[in-house]
Amino acid sequence: MATDTAPLLNLLNHYHQRLENLFLCQQEALVEQRFELASQLLTHYQALLSAHIELENSLLLPLHEKVEKPRWASSLYKREHERILTLLSRAKEKLNAAQLEEGRSPRRLVIELLDYQRTLKGVLEHHEQREEQGLAPELSTMLEGSEQSKLAAQLGAAWQQYFAERQDTLNALLTQLDLDCRSYTTKL
Ligand SMILES: [Fe+2]
Ligand SMILES: [Fe+2]
């Protein structure tokens, strides 16, 4: 990431993209009917997204509560976080249950699972837009430049650490997918 005038916004955007890439890799595994691989990728995604949300809840939202007249209230982000985590664990359960089903057409199963994940994708997309259009710029306006950089560095270091801990395992899983997906690892 380049040094920038909007460190918080760029940081959020960067990690939203990395998370989305990982989710899409999981969907690519589904398209290939590799349910076990998709399930492992979704488990990593769940851990990384939970860590992402946990830090937003503990570091960003308490500060955001002090913003006067925010575009979207801090409580809305919090509620969306809960909804996202619930939808994600349901998607995970659905995928695990699908693996155990016998006699079903794998192609129909894939369609069903991808359809099921659409709500989660939609909620996430809107939520991340809100964070990038509301939360991050509002915090940037409220905080001093150095305070903002310090906060972004603290968040960035923690998120990077979570990805770094899983990097080798993720790379090993992703190499099981095709070349197109492997190119995502540069972003992961
Ligand atoms: Fe969030
Ligand atoms: Fe976020």
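Numbering of residues starts from 1 in each chain and follows the order in which that chain's sequence is written. The naming scheme follows written order: chains are lettered A onward, ligands numbered 1 onward. Local features are withheld for residues below a pLDDT of 70 in this predicted model, meaning they are given only at 70 or higher, and side-chain atom pairs are given and counted only at 80 or more; totals for whole chains, interfaces and linings count all residues.

Engineer: Any chance you could break down the overall build of the protein for me, citing the residues and the numbers?
Structural biologist: Put simply, DSSP marks the helices as runs of H or I at least four residues long and the strands as runs of E at least two long, and each gets a number from the N terminus on. Scanning the protein from terminus to terminus reveals six helices and zero strands. Written out in order from the N terminus, the α and β elements of the protein read α-α-α-α-α-α. Once C-beta atoms are placed from the backbone, each residue is buried if 20 or more other C-beta atoms lie within 10 Å of its own, exposed if 12 or fewer, and partly exposed for counts between those two. Here the protein holds 188 residues, and 24% of them are scored as buried. Each residue is represented by a C-beta atom placed from its backbone, and any two residues with such atoms within 7 Å are regarded as in contact. Restricting the contact set of the protein to residue pairs at least 6 apart, pairs at least 24 apart contribute 75%.

Engineer: Lay out helix α3 (residues 74-100) with the relevant residues and their values.
Structural biologist: Its 27 residues place the ends of α3 40 Å apart at the C-alpha level, agreeing with the 39 Å of an ideal helix rising 1.5 Å per residue. For α3, the full list of buried residues reads Ser74, Tyr77, Leu88, Ala91 and Leu95. Contact partners of the buried residues in α3: α2 (35-64) and α4 (106-142). An expected span of 1.5 Å times one less than the residue number is assigned to each helix.

Engineer: Break down the nonpolar core for me, with residues and values.
Structural biologist: For this analysis, nonpolar core means a set of buried Ala, Val, Leu, Ile, Met, Phe, Trp, Tyr and Cys residues linked through C-beta atoms within 7 Å. Core analysis: the largest hydrophobic core is formed by 20 residues, its most contacted members being Leu22, Cys25, Ala29, Ala38, Leu41 and Tyr45. Among the elements that make up this core, the one with the highest residue count is α2 (seven residues). Apart from the residues lying within four places of it in its own chain, the contact partners of Ala29 are Arg34, Leu37, Ala38, Leu41 and Leu177. Counting 13 residues, the second largest nonpolar core, distinct from the first, contains Leu12, Leu60, Leu135 and Trp159.

Engineer: So what about the confidence of the model for the protein? Which residues, and what values?
Structural biologist: pLDDT is defined as a per-residue confidence score from the predictor, taking values between 0 and 100. Per-residue confidence for the protein gives a mean pLDDT of 92; residues scoring 70 or more make up 93%. Within the protein, helix α6 (residues 179-182) has the poorest average pLDDT of any element, 60, and α2 the best, 97.

Engineer: Account for the environment of Val110, naming residues and giving values.
Structural biologist: Counting through the fold element by element, Val110 comes out in helix α4. The class of Val110 is buried, set by 20 C-beta atoms lying within 10 Å. Note: C-alpha distance between Val110 and Ala29 (81 residues apart in sequence) is 9.8 Å. Once residues within four sequence positions are removed from consideration, Val110 is found in contact with Leu30, Val31 and Gln33.

Engineer: So what about α4? Which residues, and what values?
Structural biologist: Taking 1.5 Å of rise per residue, the 37 residues of α4 would be expected to cover 54 Å, and the 52 Å separating its terminal C-alpha atoms lies within 8% of that figure. By definition, a residue's bend is the angle between the axes fitted to the seven residues ending there and the seven starting there. A bend of about 35 degrees at Glu131 is the largest found in α4. In this structure, the buried residues of α4 make contact with α1 (7-31), α2 and α3.

Engineer: Requested: an account of unusual backbone geometry, with residues and values cited.
Structural biologist: Here the phi dihedral of Gln33 falls at roughly 65 degrees; this positive angle occurs in a residue that is not glycine. With respect to the helices and strands, Gln33 occurs in the loop between α1 and α2. For Lys69, which is not a glycine, the phi torsion comes out positive at approximately 45 degrees. With respect to the element layout, Lys69 can be found in the loop between α2 and α3.

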